[in-house]
Amino acid sequence: MKDIIIKKFAEVFGDAEGAEAFFAPGRVNLIGEHTDYNGGHVFPCALTIGTYAVARKREDNKLRFYSMNFERLGIIESSLDNLEPDKEAGWTNYPKGVIWAFGEKGYKINCGFDILLNGNIPNGSGLSSSASVEVVTGYILSEMLGLGVSNQELALIGQFSENNFNGVNCGIMDQFAIAMGKKDNAIFLDTSDLSFEYAPIKLDGAKIVISCSNKKRGLGDSKYNERRTECEEALKAIQSGMGINSLGDLDEEQFEQVKSVIKDEDQRKRAKHAVYENQRTIKAVSALKNNDIELFGKLMNESHVSLRDDYEVTGEELDTLVEEAWKVDGVIGSRMTGAGFGGCTVSIVKDEAVGTFIENVGKAYKDRIGYAADFYVVEIGSGPCRL
């Protein structure tokens, strides 16, 4: 891939002298959905698919961006002197937001850049193409300007830029999983204080299969921010009679005792999901440590039901993929992953069932939804790197 992107960079920008190549992965969350902004635990891993980039410093303040995924858009120009979100700027608002955020955090960006990107994460899939772009941009700035920014700080800067430049009220999970990824490990992250541990994923005789619904969604214009607000309102109601910092502070029993103070039924359901999903995630990681992959799969299934019924973020496409997956012998667990409203599901499937899974789920999905889903058998990869 490195040779392909450097050759394309030379084609687009005239030559490739002084250009350097980088990579940041995408991520999938195995369990722990919509808990990251509720002070709960998440359990994501980085993937071997992601965003490739070639970058070169300029001697002026110009920023020139080109994406091999959106070639028809050509070069999109901007400047360090004009770092503001702009609808016309399209996808470049993500790297621009990171450059802006570096400045906001006190880092000196003293030159412009030519940057070419090529992602092999399906766009709008929920595998965090935007966070992957943010992390690779931050990594480029840190490496090429000698800023020495830690990977954990890159994650925080990426989240800050998405919240404050792009207006998506996302939690820390996506950027953290991508920046801190470790091969063959998922990250058990407590989002309340960013303490984490790596947990080896030993799927003897099974594979992780991503099913992409191909229903496009944009986080900013989805109901993502609405769900976050509903959780905040539910938390306020509980805090009126109990000293907690986040919904992640409660276990199931405590929630059942205090839930009646949340008068709005929707808010109560959202809070229930946040609390129960956090506890499911803790139990799932414990199951994995005990090599109980069957229990891990059962908790994945329960997670989907909660996201469907209490959090209401699945929709017909994701429900079809999961319900058809559950019918296949050899499927250990299956659930939607990511923000929802389209995007992907993640399934753990026994090796001998992978072919049947793709065939059966694919056929049922196309028959019911009217267009095809895509399937990816994925491996767990590492964080950002220079190629």
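Cut-off values and rules
Residues numbered from 1 in each chain as written. Predicted model: local features only at pLDDT ≥ 70, side-chain atom pairs only at ≥ 80, totals over all residues. Heavy atoms only, no water. Helix = DSSP H or I, 4+ residues; strand = E, 2+ residues; numbered from the N terminus. Rg over C-alpha atoms; globule rule 2.2 N^0.38 Å. Buried < 20%, exposed > 50% of the residue type's maximum accessible area, 1.4 Å probe, protein only. Contact = heavy atoms within 4.5 Å. Core = buried A, V, L, I, M, F, W, Y, C linked by side-chain atoms within 4.5 Å. Pairing = 2+ DSSP bridges. Axes fitted to C-alpha atoms, helices over the stretch in contact; angles between N-to-C directions. Expected span 1.5 Å × (residues − 1). Parallel < 35°, antiparallel > 145°, perpendicular 65-115°, else oblique. Left-handed = near helix turned anticlockwise from the far one by under 90°. Nonpolar A, V, L, I, M, F, W, Y, C, P; charged D, E, K, R; others polar.

Enquirer: Give a detailed account of the overall build of the protein, specifying residues and quantitative values.
Expert: The secondary structure content of the protein amounts to 11 helices and 13 strands. What you see for the protein is a C-alpha radius of gyration of 21 Å, in line with the 21 Å of a compact globule of 387 residues. By principal-axis analysis of the C-alpha atoms, the protein measures approximately 60 × 50 × 40 Å. Buried residues in the protein amount to 58% of all 387 residues. Put simply, 72% of the contacts in the protein that link residues at least 6 apart link residues at least 24 apart.

Enquirer: For the nonpolar core, give the residues involved together with the corresponding values.
Expert: Counting 44 residues, the largest nonpolar core has Ile99, Phe102, Phe113, Leu141 and Phe176 as the members making the most contacts within it. With 8 residues, the top contributor of residues to this core is helix 3 (residues 129-144). Cys45, Val285, Met300 and Ile348 belong to the second largest nonpolar core, which has 30 residues in total.

Enquirer: Provide a residue-level description of the sheet that holds strand 6 (residues 113-119), including the pertinent values.
Expert: Read across the sheet, 6 strands follow the order 5-4-6-3-1-13 without closing on themselves; strand pairing throughout is mixed. Each end of this open sheet is capped by a strand with a single partner; those strands are strand 5 (76-79) and strand 13 (385-386). Relative to strand 6, strand 4 (residues 62-67) runs parallel, the two sharing 5 bridges. Bridge pairing in strand 6 places arginine 64 opposite aspartate 114. Helix 1 (residues 2-13) rests against strand 1 (20-29), strand 3 (44-57), strand 4 and strand 6 of the sheet, and its axis sits at about 135° to strand 6. Across the sheet, helix 3 lies against strand 1, strand 3, strand 6 and strand 13, angled at about 145° from strand 1, the strand it touches most.

Enquirer: Quick one: what's the story with helix 4 (residues 151-164), residue by residue and with numbers?
Expert: For helix 4, with 14 residues, the first-to-last C-alpha span of 20 Å sits near the 20 Å given by 1.5 Å per residue. Listing the buried residues of helix 4 in full gives Leu154, Ala155, Ile157, Gly158, Gln159, Ser161 and Glu162. Looking at the buried residues of helix 4, the elements they touch are helix 2 (93-104), helix 3 and helix 5 (173-179).

Enquirer: Explain the packing of helix 2 against helix 4 residue by residue, including any values.
Expert: Two elements in contact, helix 2 and helix 4, have axes separated by 8 Å at closest approach and are oriented at 110°. Put simply, helix 2 runs roughly perpendicular to helix 4. Two packed elements cross with a definite hand, and for helix 2 against helix 4 that hand is right-handed. Residue-level inspection shows Tyr94, Gly97, Val98, Trp100, Ala101, Phe102 and Glu104 of helix 2 in contact with helix 4, the latter providing Leu154, Ile157, Phe160, Ser161, Glu162 and Asn164. Looking at the contact of helix 2 with helix 4, its residues break down into 8 nonpolar, 3 polar and 2 charged.

Enquirer: Give me the sheet that holds strand 12 (residues 374-378): which residues, what numbers.
Expert: Here 4 strands make up an open sheet; going across it, the order is 10-11-9-12 and the pairing antiparallel. In this open sheet, the two strands that pair with only one neighbour each are strand 10 (331-337) and strand 12. Taken over all neighbouring pairs, the strand axes of this sheet differ in orientation by 20° on average, direction set aside. Where strand 9 (residues 206-212) lies against strand 11 (residues 344-350), 7 bridges are found, and the strand directions are antiparallel. Bridge pairing in strand 11 places alanine 206 opposite lysine 350. Across the face of the sheet, helix 10 (residues 315-326) comes into contact with strand 9, strand 10 and strand 11 while running at roughly 175° to strand 10.

Enquirer: Account for the pairing of strand 1, naming residues and giving values.
Expert: Counted residue by residue, strand 1 has 9 buried out of 10 residues, so it is predominantly covered. With 9 bridges joining them, strand 1 and strand 3 adopt antiparallel strand pairing. For asparagine 29, the partnering residue across the bridge sits in strand 3 and is proline 44. When strand 1 meets strand 13, the two strands line up antiparallel, connected through 2 bridges. Each residue of the ladder has a partner; that of phenylalanine 22, found in strand 13, is arginine 386.

Interpretation in functional terms is not warranted from these geometric data alone.
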